[in-house]
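Chains, contacts and geometry: an overview
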Amino acid sequence: MESEPENVDSADTAEVRSDGSGDVSLRGVTKDFGSFTAVDDIDLDIADGEFFTMLGPSGCGKTTTLRMIAGFEQPTAGKVLIDGKDVAGEPPYKRPTNTVFQNYALFPHMTLEENVAFGLKRKKVPKAEIQRRVSEELERVGLGREAKRKPAQLSGGQQQRVALARALVNLPKVLLLDEPLGALDLKLRKGLQVELKRIQEEVGITFVYVTHDQEEALTMSDRIAVMNQGRIEQCADPEQVYEKPSTTFVAGFIGVSNLLPAEVRGGNEVSIVDGPTVTTPDAGRFSAGENLFAVVRPEKLDVSSPGEGPADRPGIEGIVESSLFLGTATQLGVKVADDSKLTVLVPNASEEERHRLPGGGAKVHLSWEPEHMHLVTESPNGSGPNGAGAGEVSTSEEQQQGEEAK
Ligand SMILES: Nc1ncnc2c1ncn2[C@@H]1O[C@H](COP(=O)(O)OP(=O)(O)OP(=O)(O)O)[C@@H](O)[C@H]1O
Ligand SMILES: [Mg+2]
C-alpha cells in the first residue's frame, strides 16, 4: 500500500475555483504546546482571491497558524472559518484547502503525471477528466513536456512546480504555501516568485503564503501579516508595512532598521534624542512625553559634509564607520550616538560621485525630509531594536552577496 504523505490533503469538497468562497477568518486563535504559547490570540480576515503572506522570524508561529487553517493542528482556543463556516474538527482532506510544503515530498517512483494525478485517482475521478486536468496543470507550471519524467530527473525548482501542480489539480479554494521556495537558490527563487504570482492571478484562488524572507513578501503579496512571538504586529499592504511600520519590530524586520530614540513634545513636534526637533503631522498621533522611535529608511537619508547640511531640513551629525559597495548602491554605516548607528544607501549614479563619498572615520551630516520620517512605538513583547529579529536582519543585497559567494 502507498502511504500518503501529509501534504496530499486532497480537497474533495472543492470543485470550483475563484467563486468568491475562499475567504479565511481566524477568531482569537491560540495554540499552546504544553505551557508554551506558539500562536497567541490571532484575529485575521483573508479575502477570497487574496495573496496573503504571513511573515516573521523562525519560531514566530507561521507554520503552526498555517497547519491550523489546513486542519493538521487544532487550535487550543478560537475559531478557524473558511468561507464563513467553522471548520473545527474537520480533517485536512475535508477542507477546501491544499498545502504546498518546503520539501516537495513527491513520490520518487512515479512520473510527474502520476504524481499530479495521484489525488484525483484516489477520488475516482473519471480517467479522461484526470488526464485533462493533469496536463492542464503541468502546462500551467511549464512542465508539459516533462510529464513522463521522474522527480529525480528534475531540478529543485521543477520539483517544486510539480508540487504546486499537484496541489492546484485538486481545485482548492485556498492554497496554503509554507516556505515553498525556501530550498531553492536565489535566482531560481526570484524566477519562481514571479511565476507563483502569475499563477495565483490566473487561477484567482486565495493563497496563504508563509515566509521569513521580507523581500519575497514585499514583491508577491497583496497584504502581509508581520508576526512576532505568536502575535501579529501589523497587517497591511506591502507599501504600508514598509513605509509606515507600526512597531520597532516591524520596522526592523522589514528592511534595515534605522531607529532613532525620540520623545513627543506635543502638537506636531517630536524631539530626536541628541538631535533635532522635527515638525511632522505623524507626531500628532501620540501624546506629549511619549517615548518612541523615529524611522528613516536608508535610501531617504542624504549625506553632506558637517556644517554644510541643508538648514531647512532635519539632520544629525555622525561618523562613517563602514562603507560597502553593493553594486547598484553604496551602503554607509554611520555612528550618530554611542549606541545608535544609521545605515545610508547612496545610489551609484556615477563612478565619479561614488569616489566623492566619505570613507571610514569621516565626519558627515545626514539629513532627511520630515515626511520621510515615520514614528513607531516599541513592540509590545519587547523585541525592540535590540531584541530578537530586529537589527539582525541583513539587507537583501547582503543576502544576495552571501549567496552568490557560496
Ligand atoms: N508540536 C510541537 N510541540 C511543541 N512545540 C512546538 C510544536 N510545533 C511548534 N512548536 C513551537 O512553536 C513555535 C512556533 O513554531 P512554528 O513551526 O509555527 O514556527 P515558524 O514561524 O513556522 O518558524 P520557521 O520559520 O522556523 O519555520 C516554535 O517555538 C516551535 O518550537
Ligand atoms: Mg515554519
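Above this text you will find the structure in question.
Quick caveat: nothing in here was measured; it's all calculated off a predicted structure. (Residues numbered from 1 in each chain as written. Chains lettered and ligands numbered in written order. Predicted model: local features only at pLDDT ≥ 70, side-chain atom pairs only at ≥ 80, totals over all residues.)

**Here we look at the overall build of the protein chain**
The number of helices and strands found in the protein chain is 10 helices and 20 strands. Taken over 406 residues, the protein chain has a buried fraction of 40%. Restricting to contacts in the protein chain with at least 6 residues of sequence separation, those with at least 24 account for 69%. (Helix = DSSP H or I, 4+ residues; strand = E, 2+ residues; numbered from the N terminus. Buried ≥ 20, exposed ≤ 12 C-beta atoms within 10 Å, placed from the backbone. Contact = placed C-beta atoms within 7 Å.)

**Structural notes on the pairing of strand S17 (residues 329-337)**
Summarising the sheet, strand S16 (residues 315-325) and S17 pair through six bridges and their orientation is antiparallel. Directly across from Ile319, in S17, lies its bridge partner Lys335. Adjacent in sequence and paired antiparallel, S16 and S17 are bridged by three residues, among which Gly327 carries a positive phi angle near 95°. In this sheet, strand S18 (residues 340-347) lies alongside S17 in antiparallel orientation, the contact comprising eight bridges. Looking at S18, one finds that Thr330 is bridged to Val346. In textbook terms, the turn of a hairpin is the stretch between consecutive antiparallel strands, and for S17 and S18 this stretch comprises two residues. (Pairing = 2+ DSSP bridges.)

**Regarding unusual backbone geometry**
Even without glycine at this site, Gln229 takes up a positive phi of about 45°. Position of Gln229 among the secondary structure elements: in the loop between strand S9 (223-228) and strand S10 (231-236). Under the C-beta neighbour-count criterion, Gln229 is labelled buried, with 23 such atoms within 10 Å. One non-glycine residue, Asp274, lies in the positive phi region at around 55°. Take Asp274: it is sitting in the loop between strand S12 (269-272) and strand S13 (277-279).

**Points about the environment of Lys150**
Looking at the element boundaries, Lys150 is found in the loop between helix H3 (127-140) and helix H4 (156-168). Taking the C-alpha atoms as reference points, Lys150 and Leu106, separated by 44 residues in sequence, lie 9.4 Å from one another. Look past the residues within four positions of Lys150 in its chain and what remains in contact with it is Pro108 and Thr111.

**Section: the site of ligand 1**
Every residue lining ligand 1 is accounted for by Phe33, Phe36, Ala38, Gly56, Ser58, Gly59, Cys60, Gly61, Lys62, Thr63, Thr64 and His212. Broken down by secondary-structure element, the contributors of at least two residues to the shell around ligand 1 are strand S2 (36-46) and helix H1 (62-70). For the shell around ligand 1, the element with the most residues is H1, which contributes three residues. (Near = placed C-beta within 6 Å.)

**So, helix H2 (residues 112-122)**
The buried count for H2 comes to eight of 11 residues, which makes it a mostly enclosed element. Among the residues of H2, those classed as buried are Leu112, Glu113, Asn115, Val116, Ala117, Phe118, Gly119 and Leu120. Contacts from the buried residues of H2 go to H3 and H4. Following H2 by one or two positions, Lys124 has its phi on the positive side, about 60°.

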